[in-house]
Amino acid sequence: MSIERSHRPQNVYDDPVFFNGYKKLRQNDTGLNGALEVPALHALLPNLSGKSILDLGCGFGDFARYARGAGAHSVTAVDLSQKMISEAERL
């Protein structure tokens, strides 16, 4: 039996071509995510002041920054993609 291993990153967001395309797509966030999904999510949230927040799959860190700005006591942001974590720390 032969097992072939892919040289592609385990996480698609760590693939440079995919990551750069996704980053361009999300930079201005004028699509459905920015126009509808994010405002709807924020409207459903309780008051975050003093809360401890765990952001799983934090991506670029947008929600983690939002939670901190909304008064969360602590925010832990986690993502499988090293590229996403690096970008979240940079922003």
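See the structure above.
Residues numbered from 1 in each chain as written. Predicted model: local features only at pLDDT ≥ 70, side-chain atom pairs only at ≥ 80, totals over all residues. Heavy atoms only, no water.

**Q** Summarise the packing of aromatic side chains; cite the residues concerned and give the values.
**A** For the structure on display, the rule yields six aromatic pairs. Ring plane angle 75° and centroid distance 5.1 Å describe the contact between Y13 and Y22, whose orientation is recorded as edge-to-face. Ring centres 6.0 Å apart and planes at 35° place the aromatic pair F63 and Y66 in the tilted group. Taken together, the residues F63 and Y66, both in helix 3 (residues 62-69) and three residues apart, mark about one turn of the helix. When its relative accessible area of 32% is taken as the criterion, Y66 is described as partly exposed. (Phe/Tyr/Trp six-rings, centres within 6.5 Å; stacked < 30°, edge-to-face > 60°. Helix = DSSP H or I, 4+ residues; strand = E, 2+ residues; numbered from the N terminus. Buried < 20%, exposed > 50% of the residue type's maximum accessible area, 1.4 Å probe, protein only.)

**Q** Pulling in residues and values, what's your account of the packing of helix 1 (residues 16-27) against helix 4 (residues 82-90)?
**A** The interhelical angle for the contact between helix 1 and helix 4, taken along N-to-C directions, is 40°, at an axis separation of 11 Å. One element, helix 1, and the other, helix 4, form an angle in the oblique class. As for how helix 1 packs across helix 4, the hand of that crossing is right-handed. Counting all contacts with helix 1, which are made through P16, F19, Y22 and K23, the residues of helix 4 involved are K83, M84, E87 and R90. For the contact of helix 1 with helix 4, the per-class residue count stands at four nonpolar, no polar and four charged. (Axes fitted to C-alpha atoms, helices over the stretch in contact; angles between N-to-C directions. Parallel < 35°, antiparallel > 145°, perpendicular 65-115°, else oblique. Left-handed = near helix turned anticlockwise from the far one by under 90°. Contact = heavy atoms within 4.5 Å. Nonpolar A, V, L, I, M, F, W, Y, C, P; charged D, E, K, R; others polar.)

**Q** For a nonpolar patch on the surface, give the residues involved together with the corresponding values.
**A** On the surface, a nonpolar cluster with roughly 300 Å² of combined accessible area is contributed by L54, L56 and V78. Residue L54 is classed as exposed on the basis of its relative accessible area, which comes to 54%. (Patch = residues over 30% accessible without salt bridge, like charges linked within 9 Å, V, L, I, M, F, W, Y side chains within 5 Å. Areas by Shrake-Rupley, 256 points an atom, 1.4 Å probe, with all protein chains shown as cover. Salt bridge = Lys/Arg side-chain N within 4 Å of Asp/Glu carboxyl O.)

**Q** Break down the environment of F60 for me, citing the residues and quoting the values.
**A** Considering the arrangement of structural elements, one finds F60 in the loop between strand 1 (52-56) and helix 3. Note on F60: relative accessible area 8%, which makes it buried. Counting along the chain gives 27 residues from F60 to E87, while the straight-line C-alpha distance between them is 5.8 Å.

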